[in-house]
Amino acid sequence: GRWLPWLASRPARPGQLLPRLVACPVIMASLRRLLQIASSLQPPASRQRIQLFSSGPSQTLEKNVPYQKTLKESGPQTKGPSQALPASADVVVVGGGSMGCQTVYHLAKTGVTNVVLLERDRLTSGTTWHTAGLLWQLRPSDVEVELLAHTRNVVSRDLEQETGLHTGWIQNGGLFIASNKQRLDEYKRLMSLGKVYGIESYVLSPGETKSLYPLMNVDDLYGTLYVPKDGTMDPAGTCTTLARAAMARGALVIENCPVTGVEVRTDDLGIQRVAAVVTSHGTIQTPCVVNCAGVWAQALGKMAGVNVPLVAMHHAYVVTERIEGIQVSTLS
């Protein structure tokens, strides 16, 4: 097959999809030759360094994240932990992403204030920084529906009241597409479940869906499920606000502190129990470790002799500029 590297055409602005140009080796070679000729024709004082980006080993590893102020600093990065490690803690949460920040926030809110969150780099620097930040309310499980309802209240209301910071919550609604009858039947059941929990939702015909979202081709649809109070959030902003609220209640959030081991000891009954968390900058004695390491959860579990049945999967989404015709609509 042909090798098709990506050529970045220009840097992306926050919230914008980075444009790309697909090029085969012949085109790439021609571009390099043209750039060399153009560079040689410039006066020495006016020459600028021109660099081609490809999928080779010389490609930059720096992330183009949309949350410049949260994940990128203009100054030099800190080498050690953001603050001193305590000698002990009732609970140590490992991982500063969405799950870790939610965990430390709720522990602190329930009164467990001697809790420490350890993040190997910066908050949300794992997989959370590039998540789409979607929050929908209807799921097949009753427990999931209750958890999602609680999460929505925390993100859209509680955190801003507690900290004065906005999580980036936008109530833009959710539309779930049914391309076969079985999926439409499932959405009808979800709508019935939503009525029990007071979640507003509607099963729409293809025509009603077209009225709500005019750009959609509905020729092959059986219907959709519309939940007007679903929304999106800023993942980095939400995690920062969760951490701020937890620290206000006494929790410690320590960045730049990777975990290198978990000490496990056998008690008098022959049961293995966690005794301490080992980091590159010290050890914290603790009887409880919460594994919120995301795609690294399996590696962290092995440190304590625990198998975490987790497999990372690739997902994709596209961020665009505003597209005319895609605006919030209401059903008449």
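As the structure is a prediction and not an experimental result, all values here were calculated from the model.

Chemist: Tell me about the sheet that holds strand 10 (residues 252–254), and name the residues and values.
Modeler: The four strands lie next to each other as 10-4-3-14, forming an open sheet whose pairing is parallel. Because the sheet does not close on itself, it has two edges, and the strands there are strand 10 and strand 14 (289–291). Averaged over all adjacent pairs, the angle separating strand axes in this sheet is 20°, with direction ignored. Bridging between strand 3 (residues 91–94) and strand 4 (residues 115–118) involves four bridges; their strand directions are parallel.

Chemist: Got a sec to walk through the environment of Asp185? Specific residues and values, please.
Modeler: Among the secondary structure elements, Asp185 is positioned in helix 5 (residues 181–196). A residue is classified by how much of its surface remains accessible, and Asp185, at 26% relative accessible area, is partly exposed. Note: C-alpha distance between Asp185 and Val203 (18 residues apart in sequence) is 9.8 Å.

Chemist: Help me get a handle on the packing of helix 3 (residues 98–109) against helix 7 (residues 235–248), residues and values and all.
Modeler: Axis separation between helix 3 and helix 7 bottoms out at 8 Å; the angle between their running directions is 25°. By the angle between their directions, the pair helix 3 and helix 7 is classed as roughly parallel. By crossing handedness, the relation of helix 3 to helix 7 is classed as left-handed. Contacts between helix 3 and helix 7 pair Ser98, Cys101, Gln102, Val104, Tyr105 and Ala108 from the former with Cys239, Leu242, Ala245 and Ala246 from the latter. Taken together, the residues that form the contact of helix 3 with helix 7 break down as eight nonpolar, two polar and no charged.

Chemist: Give a detailed account of unusual backbone geometry, specifying residues and quantitative values.
Modeler: In this model, Thr124 sits at a positive phi of 70°, which is unusual for a non-glycine residue. Along the chain, Thr124 turns up in the loop between strand 4 and strand 5 (134–135). With relative accessibility at 1%, the residue Thr124 sits in the buried group. Of note, the phi angle at Asn256 is positive, near 55°, even though the residue is not glycine. The buried category is assigned to Asn256, whose relative accessible area is 13%.

Chemist: An account of the pairing of strand 11 (residues 259–266) is requested, with residue identities and associated values reported.
Modeler: Taken residue by residue, a regular strand's side chains alternate between the two faces of the sheet. Judged from the seven bridges that link them, strand 11 and strand 12 (residues 272–279) form a sheet pairing that is antiparallel. Across the sheet, the residue bridging to Gly261 is Val278, located in strand 12. Once strand 11 ends, the chain turns through five residues before running back antiparallel as strand 12, passing Gly270 with a positive phi of about 80°.

Chemist: So, the sheet that holds strand 8 (residues 223–227): which residues are in play, and what are the values?
Modeler: With antiparallel pairing, three strands are arranged side by side in an open sheet as 6-8-7. Of all the strands in the sheet, just strand 6 (174–178) and strand 7 (202–204) have a single pairing partner and so form its edges. Averaged over all neighbouring strand pairs, the angle between strand axes comes to 25°, with direction disregarded. Note: strand 6 against strand 8, five bridges, orientation antiparallel. Paired with Leu175 across the strands is Tyr226, a residue of strand 8. Helix 5 rests against strand 6, strand 7 and strand 8 of the sheet, and its axis sits at about 145° to strand 6.

Calculation rules
Residues numbered from 1 in each chain as written. Predicted model: local features only at pLDDT ≥ 70, side-chain atom pairs only at ≥ 80, totals over all residues. Heavy atoms only, no water. Pairing = 2+ DSSP bridges. Helix = DSSP H or I, 4+ residues; strand = E, 2+ residues; numbered from the N terminus. Axes fitted to C-alpha atoms, helices over the stretch in contact; angles between N-to-C directions. Buried < 20%, exposed > 50% of the residue type's maximum accessible area, 1.4 Å probe, protein only. Parallel < 35°, antiparallel > 145°, perpendicular 65-115°, else oblique. Left-handed = near helix turned anticlockwise from the far one by under 90°. Contact = heavy atoms within 4.5 Å. Nonpolar A, V, L, I, M, F, W, Y, C, P; charged D, E, K, R; others polar.

Distances and angles like these do not, on their own, reveal function.
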